[in-house]
Amino acid sequence: MAEKPEDLNLPNAVITRIIKEALPDGVNVSKEARRAISQAASVFVLYATSCANNFALKAKRKTLNAGDVMAAMEEMEFERFLEPLRAALEVYKKGQKGKKEVSEQKRKEKKQADGEHEKNKEDEEGEDEEEQRMEEEPEEGEEEVEN
Amino acid sequence: LSGENLAKKTISLPISRVRLIMKSSPDVSSINQDALFLTTKATELFVQHLALSSFNNGCGKETNSLSYSDLAKTAEESETFHFLTDILPKKILARDYLKSLEQMQEEDADF
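Bear in mind that the values here come from a model prediction, so they are computed numbers and not experimental data.

(A) Just the domain arrangement of chain A, in detail. All names here are of chain A. Domain parsing of chain A yields domain 1 (7–77) and domain 2 (81–113). Computed over C-alpha atoms only, the centres of domain 1 and domain 2 are separated by 23 Å. Contact with domain 1, which involves 5 residues of that partner, is made by 5 residues of domain 2. With both sides pooled, the region where domain 1 packs onto domain 2 buries about 390 Å², and carbon together with sulfur makes up 96% of that total. Inspection of the region where domain 1 meets domain 2 yields 0 salt bridges. The biggest single contributor to the side of domain 1 that touches domain 2 is helix α3 (residues 66–75), with 4 residues.

Dropping the structure here:
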């Protein structure tokens, strides 16, 4: 998978917006500070992923799940995130449920049309991975392991 | 559909980009959708937390600004942000660096 270095960075416009919303009005944020925060955010993702993955491996799972991420936050001493994360996840799941009903309907129609199997290889979290494919961006399946 | 729009409003960062970063981590096979969402949301919370902590803790408060040095200071002084010290090193003046280089060379010369 050839990735440009920029792909591991988060979009500057969004980062800037989040920073501005967090700070009191009128605070001037230097370009250098913005870039540094963006890089810090990428490092945060890597650190959180690695931490969460340890929990998954300990439980002998190959798929990272919500519990692993929450455990990682605690491990990293970001307990303050846990409540807002739980609340946000609830809202997200409700939205996904509506989406899933729509996509299941479409999938039923498609199956009848071309009779193909869309069974994925992971034994767990199958539902969620099928939802993944319904994401706006066309992404490759979760089965790939090579990085 | 309104539920879906509401869910979209809970995050601003693109999930696909966060997923890319996560997949670049070694030993990660697959990530379930909820975990992906949570990581994205957590990253946003992190950005807010880092920005605000650095601002409150830093030297820019008098001038109502947030600069790189505020971030570097926070990374060094705060336990929770300590993992960032490698990417947010404190900057030193070139002349101070050269001075310390000279000192090190003098010490080596003693051997």
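(B) Structural context of the side chain of Thr49(A). Tracing the backbone shows Thr49(A) in helix α2 (residues 31–58). Separated by 2.6 Å, the side chain of Thr49(A) and the backbone oxygen of Val45(A) make a polar contact.

(C) Structural context of the nonpolar core. Judged by nonpolar contacts, the single largest core of 60 residues is most densely connected at Ile37(A), Met73(A) and Phe46(B). Taken together, the elements giving at least two residues each to this core come down to α1 (12–22), α2, α3 and α4 (82–114) of chain A together with α2 (15–23), α3 (33–57) and α4 (68–77) of chain B. Two domains each put at least three residues into this core: domain 1 (7–77) and domain 2 (81–113) of chain A. Ignoring any residue separated from it by four or fewer positions in sequence, one finds Met73(A) in contact with Phe44(A), Ala48(A), Phe78(A), Glu79(A), Phe81(A), Leu82(A), Leu85(A) and Ala42(B).

(D) Examining the interface of chain B and chain A more closely. Tallying the contact residues gives 60 residues for chain B and 75 residues for chain A. Of the roughly 6100 Å² buried where chain B meets chain A, counting both sides, 69% is carbon and sulfur surface. Seen at the junction of chain B and chain A, the total is 2 salt bridges. Notably, a salt bridge pairs Glu32(A) with Lys91(B), separated by 2.2 Å at the nearest N-O pair. Going through the elements one at a time, α1 (2–9), α2, β1 (30–31), α3, β2 (65–66) and α4 of chain B are the ones with two or more residues in the side of chain B that touches chain A. No other element matches α3(B), which puts 20 residues into the side of chain B that touches chain A. In terms of residue class, the side of chain B that touches chain A is built from 32 nonpolar, 18 polar and 10 charged. Two strands pair when backbone bridges link them, and strand β1 (residues 28–29) of chain A and β2(B) are joined in this way by 2 bridges, in the parallel orientation. Note on β2(B): the bridge partner recorded for Asn28(A) is Ser65(B).

(E) Region of the structure containing the packing of aromatic side chains. Applying the stated criterion across every chain, the model contains 9 aromatic pairs over all chains. On the basis of an interplanar angle of 15° and a centroid distance of 4.4 Å, the ring pair of Phe44(A) and Phe46(B) is categorised as stacked. Taken together, the residues span two chains, with Phe44(A) in helix α2 and Phe46(B) in helix α3. Exposure remark for Phe44(A): the relative accessible area of 0% places this residue in the buried category.

(F) Region of the structure containing unusual backbone geometry. The backbone of Asp27(B) shows a phi angle near 70°, a positive value even though the residue is not glycine. Among the structural elements, Asp27(B) can be located in the loop between α2 and β1.

(G) Broad picture of a nonpolar patch on the surface. Together, Ile92(B), Tyr97(B) and Leu98(B) make up an exposed nonpolar region whose accessible area comes to about 320 Å². Residue classification places Leu98(B) among the partly exposed residues on the basis of a relative accessible area of 49%.

(H) Region of the structure containing the pattern of salt bridges. Scanning the entire structure with this criterion turns up 6 salt bridges over all chains. Between Asp34(B) and Lys93(A) there is a salt bridge, and its shortest N-O distance comes to 3.6 Å. On the criterion of chain membership, the pair formed by Asp34(B) in helix α3 and Lys93(A) in helix α4 is interchain, its members lying in two chains. Judged by relative accessible area, which is 10%, Asp34(B) ranks as buried. Its salt-bridge partner being Glu77(B), residue Lys73(B) comes within 3.5 Å of it at the nearest N-O pair. Pair noted here: Lys73(B) and Glu77(B) are both in helix α4, with a separation of 4 residues, about one helical turn. Look at Glu77(B) and you get partly exposed, because its relative accessible area is 47%.

Parameters and conventions
Residues numbered from 1 in each chain as written. Chains lettered and ligands numbered in written order. Predicted model: local features only at pLDDT ≥ 70, side-chain atom pairs only at ≥ 80, totals over all residues. Heavy atoms only, no water. Domains from an automatic or database assignment. Contact = heavy atoms within 4.5 Å. Buried area = accessible area lost by both parts, 1.4 Å probe. Salt bridge = Lys/Arg side-chain N within 4 Å of Asp/Glu carboxyl O. Helix = DSSP H or I, 4+ residues; strand = E, 2+ residues; numbered from the N terminus. Polar contact = N/O pair within 3.5 Å; in protein donor to acceptor, adjacent residues only side chain to side chain. Core = buried A, V, L, I, M, F, W, Y, C linked by side-chain atoms within 4.5 Å. Buried < 20%, exposed > 50% of the residue type's maximum accessible area, 1.4 Å probe, protein only. Nonpolar A, V, L, I, M, F, W, Y, C, P; charged D, E, K, R; others polar. Pairing = 2+ DSSP bridges. Phe/Tyr/Trp six-rings, centres within 6.5 Å; stacked < 30°, edge-to-face > 60°. Patch = residues over 30% accessible without salt bridge, like charges linked within 9 Å, V, L, I, M, F, W, Y side chains within 5 Å. Areas by Shrake-Rupley, 256 points an atom, 1.4 Å probe, with all protein chains shown as cover.

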